[in-house]
Each structure stands twice: as structure tokens, then as C-alpha cells.
Amino acid sequence: DAMVIQNPRYQVTQFGKPVTLSCSQTLNHNVMYWYQQKSSQAPKLLFHYYDKDFNNEADTPDNFQSRRPNTSFCFLDIRSPGLGDAAMYLCATSRVSGAFRNTGELFFGEGSRLTVL
Amino acid sequence: AQSVAQPEDQVNVAEGNPLTVKCTYSVSGNPYLFWYVQYPNRGLQFLLKYITGDNLVKGSYGFEAEFNKSQTSFHLKKPSALVSDSALYFCAVRDGMDSNYQLIWGAGTKLIIKP
């Protein structure tokens, strides 16, 4: 089945030790998103790629970066994790098309839960 | 500015009873409305959406939602609740006439179904 796969599901790191989370999709969607979710709150958009175009949210810390080497894969890099970065990180995809950039629903992966010691 | 509100942090329902999870929205143009469910330590799953057409939308797991333009609401409903429906529910909206395709998310409502 087509899907969005995130690895690892659980990641434990030490304060300041870089972390990379990965996301792959078989849906051939043109948009990929990274969200941060803390304590059952609403997901907070960090950034997204529209095809190869990177779009950073204004309040996303510089500590967070992303790469999208091809349509199928997207990575979230946290350069120096702090205790406040402990959260669930959700990758999602959607197909955006048309003059008004109409979007269908987002498809989410199962998330990567990051613990910072 | 676009916004969405879920006025209840938590909804408690007895198994077998009907359930409603409320959502109201504000957009300038045409609302595109979505409901998602999240089980513990899982990603969000799409339930249903309203883009245009029939105001009553049917979705996954027996859920439905009614789009009410005059009340700017999109409440999620199910006729008979199951214990397995217990989860976190998110409503989301975007303006279909806006080229900014990002979804605006509600704060979420925790649904607890008691046996």
C-alpha cells in the first residue's frame, strides 16, 4: 500500500547531539511537510517542500533544517537538540495542484518521538 | 485571517450514545474543512473533508460531519460511539480561494468513550 514511512519511530539523543529523522513516501505527492507536536497539542508546521522549493515557517528555529534529495524522501535535521525540542515529529504529504493550489488531504506518517536527555 | 476553534478540550460519551465534536471556523473565501483523528503515539489519520457539494459528509469509521455555512461550523458526529473511538480529534481549515494552501489546525478535542 502507498504510504508515508518515518524512521526511527523513537529516537533518544543527548543534549546537543545532532539528530536526523527521515521520511519516505510512495504516494508521489509533490508537497512534503514536517510538523512538531508536543503533548497532544495541535501540530505546528516547521517547514515544507513544494516540489523542490523549500518553505520555512517564520518562527522555526535555525536549529532545525531539512533536505529533500528527491520526490520520495525528506529529512529533518536537528543540529543541537535542546530539552525543549523533545516532541513528536510528524511528516506529511499532500498533492497540491491548480491555480489556487487546491490541496487534498494530508497523509501522515506514524511519527518519530524524540527524547532529549 | 483564517482560524479554527474547537471549543471543548475534552468530550465524554457513554458507549452506544451519539457523539458530537464541535468545530467552528473563520475564512474569507470558501472553506476547505478537514477532520483528523490521532491515537496515542501515532500519526494523524484523515477522517473526512468538505470541499463543495452536499453539506453532510461521510467519512471513515462511521463518522460524518455537517457543514453549516451560516453558523460557520463543521461538527463531527457519530450515531453510536465505540470505546475504540477514544482518541484526539483535530479539525483543520484552509481558504479555498487563497493560494496559501497551508492548513490551520484547531487545538484538538480529546474524546473519551466510557463502556
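Only a predicted model underlies this, so the values are computations on that prediction, with no experimental measurement involved. (Residues numbered from 1 in each chain as written. Chains lettered and ligands numbered in written order. Predicted model: local features only at pLDDT ≥ 70, side-chain atom pairs only at ≥ 80, totals over all residues. Heavy atoms only, no water.)

### Focus: the overall build of chain B
- From N to C terminus, chain B includes zero helices and twelve strands.
- Starting at the N terminus, the α and β elements of chain B follow one another as β-β-β-β-β-β-β-β-β-β-β-β.
- For 115 residues, the compact-globule formula gives about 13 Å, and the C-alpha radius of gyration of chain B, at 14 Å, lands near that figure.
- Each principal axis of the C-alpha distribution contributes one length, and for chain B these read about 45 × 30 × 20 Å.
- In chain B, which comprises 115 residues, the proportion classed as buried is 46%.
- Averaging the positions of the 10 positive and the 9 negative side-chain charges in chain B gives two centres separated by 3 Å. (Helix = DSSP H or I, 4+ residues; strand = E, 2+ residues; numbered from the N terminus. Rg over C-alpha atoms; globule rule 2.2 N^0.38 Å. Buried < 20%, exposed > 50% of the residue type's maximum accessible area, 1.4 Å probe, protein only. Lys, Arg positive; Asp, Glu negative; His and termini not counted. Charge placed at Lys NZ, Arg CZ, Asp CG, Glu CD.)

### Thoughts on the interface of chain A and chain B
- Between chain A and chain B, the contact holds 28 residues from the first and 23 residues from the second.
- The contact between chain A and chain B buries some 2,000 Å² in all, and 54% of this surface belongs to carbon and sulfur atoms.
- Viewed at the interface, chain B and chain A are joined by two salt bridges.
- A salt bridge links arginine 42 of chain B to glutamate 110 of chain A; the shortest N-O distance between them is 2.6 Å.
- Where chain A touches chain B, the interface holds nine residue pairs in polar contact (both at pLDDT 80 or more).
- Elements represented by at least two residues in the side of chain A that touches chain B include exactly strand S4 (31–37), strand S5 (44–50), strand S9 (87–94) and strand S11 (102–103) of chain A.
- Per-element tally for the side of chain A that touches chain B: the top contributor is S4 of chain A, with four residues.
- Of the residues that constitute the side of chain A that touches chain B, the class distribution is 14 nonpolar, nine polar and five charged. (Contact = heavy atoms within 4.5 Å. Buried area = accessible area lost by both parts, 1.4 Å probe. Salt bridge = Lys/Arg side-chain N within 4 Å of Asp/Glu carboxyl O. Polar contact = N/O pair within 3.5 Å; in protein donor to acceptor, adjacent residues only side chain to side chain. Nonpolar A, V, L, I, M, F, W, Y, C, P; charged D, E, K, R; others polar.)

### Considerations on the nonpolar core
- Of all hydrophobic cores here, the largest spans 27 residues; its most connected members are Leu19, Trp35, Leu47, Leu48, Phe74, Leu76 and Tyr89 of chain B.
- Those elements that provide at least two residues to this core are strand S2 (10–14), strand S3 (19–21), strand S5 (31–38), strand S6 (44–50), strand S8 (64–68), strand S9 (73–78), strand S10 (87–95) and strand S12 (109–114) of chain B.
- No other element matches the four residues that S10 of chain B contributes to this core.
- Here leucine 48 of chain B is in contact with Leu33, Phe34, Trp35, Val57, Lys58, Gly59, Phe63, Glu64, Ala65, Phe74 and Leu76 of chain B, once residues within four sequence places are set aside.
- By size, the runner-up hydrophobic cluster in this structure holds 21 residues, among which are Val31, Leu45 and Tyr50 of chain A together with Phe90 of chain B. (Core = buried A, V, L, I, M, F, W, Y, C linked by side-chain atoms within 4.5 Å.)

### Describing the sheet that holds strand S8 (residues 73–78) of chain A
Residues and elements named next belong to chain A.
- A sheet is described by the order of its strands in space; here four strands give the open sequence S1-S3-S8-S7, paired in antiparallel fashion. Whereas interior strands pair on both sides, the edge strands pair on one side only; in this sheet they are strand S1 (4–7) and strand S7 (64–67). Ignoring which end each strand starts from, the neighbouring axes of this sheet average 20° apart. (Pairing = 2+ DSSP bridges. Axes fitted to C-alpha atoms, helices over the stretch in contact; angles between N-to-C directions.)

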